[in-house]
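# Coordinate inspection notes
Okay, here's what each chain looks like letter by letter:
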Amino acid sequence: MIKKKSFEQEIKIKGAPHEIYEVFMDAKKHSKLTESKVKVSREIGGSFSVFEGALSGKNVELIQDKKIVQTWRGDGENWPKGYYSTITLIFEPDDK
């Protein structure tokens, strides 16, 4: 039985929301950042994989430059089959 947990974290990253969104959704940019093989679909329901497939999942909601919701899972033995986590990324400009 997996205990489900939820947490919220705010991280400030220097850059415009469009630039940060593109790092997540553009395979070349994401690959350069993570120094790994990345595949990314820009479609809702489309798949992605990072770190040569060690992390994978699907896009649930995509709002250009504003929001990404994805389900994802690891391929290790600590991840039960069929179990996915959900991540929600919200991009907001900070005028400071």
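Scroll up to find the structure.
Every chain begins its residue count from 1, and numbering advances along the sequence as written. A pLDDT threshold of at least 70 governs which residues receive local features in this predicted model, and a stricter bar of 80 or more applies before side-chain atom pairs are shown or counted, although totals over entire chains, interfaces and linings include all residues. As a convention, hydrogens and water are excluded, and side-chain values are obtained from all of the structure's heavy atoms.

## Some remarks on the sheet that holds strand E5 (residues 85-90)
Remark on secondary structure: sheet strands pair via backbone hydrogen bonds, oriented parallel or antiparallel. In this scheme, strands are said to pair when DSSP sees at least two bridges between them. Under the DSSP-based scheme used, a helix requires at least four consecutive residues in state H or I and a strand at least two consecutive residues in state E, with every element numbered from the N terminus. Strand order across the open sheet formed by 5 strands is E1-E2-E3-E4-E5, with antiparallel pairing between neighbours. The sheet is open, and its two edges are formed by strand E1 (39-40) and E5, each paired on a single side. As judged from the 8 bridges shared by strand E3 (residues 55-63) and strand E4 (residues 67-74), these two strands associate in the antiparallel manner. Opposite Leu-55, over in E4, you have Gly-74 as the bridge partner. Two residues form a contact once any of their heavy atoms are found within 4.5 Å. The axes are straight lines fitted to the C-alpha atoms, using for helices just the contacting stretch, and the angles between their N-to-C directions are given from 0 to 180°. Of the strands in this sheet, E1, E3, E4 and E5 touch helix H1 (residues 17-25), which is tilted by about 30° from E4.

## What to know about the nonpolar core
By size, the foremost hydrophobic cluster in this structure holds 7 residues: Ile-20, Tyr-21, Met-25, Leu-62, Ile-68, Leu-89 and Phe-91. Examining the composition of this core, we find that 3 residues originate from one element, H1, more than from any other. Discounting chain neighbours no more than four positions away, the residues touching Ile-20 are Ile-13, Lys-14, Gly-15 and Phe-91. What is meant by a nonpolar core is a set of buried Ala, Val, Leu, Ile, Met, Phe, Trp, Tyr and Cys residues, joined one to another through side-chain atoms within 4.5 Å. Burial status follows relative accessibility: with a 1.4 Å probe on protein chains alone, a residue under 20% of its type maximum counts as buried, one over 50% as exposed, and anything between as partly exposed.

Keep in mind these values describe shape, not function.
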